[in-house]
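# Remarks on the overall topology
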Amino acid sequence: MGYDSLSGRTDSYVKDRKHLNEEFDCFDEAYGKLEDVRADAEKSDADIQSAVSDIQRGFDQEHRTLEGQSDELEDEKSRLSDSINRELDRLDTASRKIDSLAGKKYAGGLKTASEMCEDYMKQLEGLLDRLDAAASAGNARGAAGGAMDGRAMPDGSCDGRTASDRDAMPVGSLVPDRKTPRDLPCTQYGFTVDPDGSSTYDSPMEMDRYLYKSQGAAYTNFQGTCGLCSIVNVMRLAGVNLSEKDVIDYAAKTAESDEMTAGGVPWANRLCVIDPFRSGASGGTNPRKRKKILEHFGISSGIFPVKMDGGTASDETIREIADYVAHGRGVILSVHASVLEPQIYASDLNHDFHAVTVTSVGKNRQGDISGFYICDSNRGTSFYPADVVRSALTGADMNVTYSYIR
């Protein structure tokens, strides 16, 4: 396929991607307003709640349409990249054959032909760079303003890299489309600064589109899967499109250790709880089991203590969580769900010691931690003030990835 054809397809892709990004930005802005309306509607009468629910369904349909268009563009990018890479391979082969003619008496045009191959290959590589840049601009749109401009990388997150080194690093895709997790030298993202001086790490509400928020959807007899879904969300943050079913299938059939359990019950020594009589308990995990499951799926992680002070998490722990997240590491916390979301969980003990995934941290204009964006596998991502998170933490250990996954 000729360069003109490949260049034309690249121009079309970049144009379509830019237009879709603008559509997503408009959607995100409108959806943010809907969130405010929903919060008020929950306190209103049934008719208003019903009307808002109708609006929500319209938003959901529009979101599915936009996601479908995004998928089509990603397919086109993949096909176009394959075509460009095949052309590069062909040119590379031709270039090596030309170079093999060196010294032959009939190779007078050798230098010219070799230079032409090299120039053409550079042009094709430029097309690939344009494709990657357009895709990255779409997948790294910030929740506040959507632009990467003005994002400052967290201090010390890049193991000695200078600011210019960090700025030169390509922005990776948020879309979970990899077979293996990211293992980065530092986080690819930083803080978006809002007009009021507050800042937010990465773009948590955009990332929410890729995270799991339908706990218990894989199997009716596995409903207590908050920890497994949190593992899924860490994997998706790392770029791997894992599902709840994938993790249940592995954890439910894999023994935690070689030790026999009391009574020889075969399913009592698994990486998740299996209770034939209580679907709400089946799928349960603890930090130790989650660590082993993460390792199976390619992510090395540790079990870190949550330090408590008078019944709530200490300032030190809150700072540690913020640092882990801002450095691009995956974090799973154990919380009292009824403290985090009292209107949803009330005193529901089935959701106590609920596992959730921290996806972002917010700071005020003075640089103090204002709160965290947390993905609950029952409802998706919300922002919680630091004091609420401090009170909600159970004191159970947290899972933190050793590697930078985003």
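Every value quoted in this text rests on a predicted model; they were computed, and no experiment measured them. (Residues numbered from 1 in each chain as written. Predicted model: local features only at pLDDT ≥ 70, side-chain atom pairs only at ≥ 80, totals over all residues. Heavy atoms only, no water.)

## Describing the pairing of strand β9 (residues 380-385)
So the rule is basically this: At least two DSSP bridges between two strands are required for those strands to pair. Starting at the N terminus, helices and strands are each numbered in turn, a helix being any DSSP run of H or I of at least four residues and a strand any DSSP run of E of at least two.
Looking at chain direction, strand β8 (residues 369-376) and β9 are connected through 6 bridges and run antiparallel. If you follow D376 over to β9, its bridge partner there is G380. The hairpin formed by β8 and β9 contains 3 residues between the paired strands.

## A look at unusual backbone geometry
To be explicit about the condition: Throughout this description, buried means an accessible area under 20% of the type-specific maximum (1.4 Å probe, protein chains only), exposed means over 50%, and partly exposed covers the range between.
If you check the backbone angles, D202 has positive phi at about 55 degrees while not being a glycine. Examined against the element boundaries, D202 turns out to sit in the loop between β2 (199-201) and α5 (204-207). Residue class for D202 comes out buried when judged on its relative accessible area of 2%.

## Focus: helix α8 (residues 287-296)
Rules: Within this analysis, the arc is defined by the directions that extend from the helix axis to the C-beta atoms. The criterion used for residue contact is that any of the two residues' heavy atoms lie within 4.5 Å. In the analysis that follows, any N or O atom pair within 3.5 Å is treated as a polar contact, provided that within protein one partner can donate a hydrogen and the other can accept it, and provided that, for residues neighboring in sequence, both atoms belong to side chains.
Every buried residue of α8 is accounted for by P287, K289, R290, I293 and L294. Axial view of α8: buried residues confined to an arc of 155 degrees, hence all on one face. Next to the buried residues of α8 lie α6 (226-237), α7 (244-253), β3 (301-304), β6 (331-335), β7 (354-363) and β10 (398-401). Where α8 begins, one side-chain oxygen reaches toward the backbone nitrogen of R288, 3.1 Å away; that side chain belongs to N286. Looking one or two residues beyond α8, the residue adopting positive phi is G298, at roughly 100 degrees.

## Let's talk about the pattern of salt bridges
Rules: In the sections that follow, a salt bridge refers to a side-chain nitrogen of Lys or Arg positioned within 4 Å of a carboxyl oxygen of Asp or Glu.
As enumerated under the stated definition, the model contains 16 salt bridges in all. A salt bridge links D249 to K245, with the shortest nitrogen-to-oxygen separation between them at 2.8 Å. Of the two residues, D249 and K245 are both situated in helix α7; the distance of 4 residues between them amounts to about one turn of the helix. Among the residues examined, D249 registers a relative accessible area of 28% and is labelled partly exposed. Look at the salt bridges and you will find they share partners, linking R9, E76 and R79 into a network.

## Observations concerning the pairing of β8
Counting buried positions along β8 gives 6 out of 8 residues, so the element sits mostly inside the fold. Where β7 meets β8, 6 bridges bridge the pair, whose relative direction is antiparallel. Paired with G362 across the strands is G371, a residue of β8. Linkage of β7 to β8, two consecutive antiparallel strands, is achieved through a turn of 5 residues, within which G367 is found at a positive phi near 90 degrees.

## Focus: the packing of α6 against α7
Defined as follows: The axes are straight lines fitted to the C-alpha atoms, using for helices just the contacting stretch, and the angles between their N-to-C directions are given from 0 to 180°. For classification purposes, angles smaller than 35 degrees are called roughly parallel, those larger than 145 roughly antiparallel, those between 65 and 115 roughly perpendicular, and all remaining angles oblique. Two helices crossing with the near one rotated counterclockwise from the far one by less than a right angle form a left-handed crossing, whereas a clockwise rotation gives a right-handed crossing. Gly is put with the polar residues, along with every residue not named as nonpolar or charged; the nonpolar set is Ala, Val, Leu, Ile, Met, Phe, Trp, Tyr, Cys and Pro, and the charged set is Asp, Glu, Lys and Arg.
Look at α6 against α7: their axes get within 9 Å of each other, and the N-to-C directions meet at 120 degrees. Between α6 and α7, the interaxial angle falls into the category oblique. Regarding α6 and α7, the two cross each other, and that crossing is right-handed. In this structure, α6 contributes L228, C229, I231 and V232 to the contact, and α7 contributes E244, V247, I248 and A251. Of the residues in the contact of α6 with α7, the class split is 7 nonpolar, no polar and 1 charged.

## Re the packing of α6 against α8
Geometrically, a packed helix pair is captured by the angle between its two axes and the distance between the axes. Here α6 crosses α8 at 35 degrees, and the two axes come no closer than 10 Å. Regarding α6 and α8, the two cross each other, and that crossing is right-handed. On α8, the residues that touch G227, L228, I231, V234 and M235 of α6 are R290, I293 and L294. For the contact of α6 with α8, a count of residues per class yields 6 nonpolar, 1 polar and 1 charged.

## A short note on the environment of K363
Tracing the backbone shows K363 in strand β7. Given a relative accessible area of 24%, K363 falls into the partly exposed group. Those residues in contact with K363, other than ones at most four positions away along the chain, are F191, S198, S199, D368, I369 and S370.

## Some points on the confidence of the model for the chain
Under the convention used in this document: How sure the predictor is of each residue is captured by pLDDT, a score from 0 to 100.
Here the chain averages 78 in pLDDT, while 75% of its residues score no lower than 70. Under a pLDDT of 50 for its full length, residues 139-173 has, in the predicted model, 74 contacts with residues more than four places off or in other chains.

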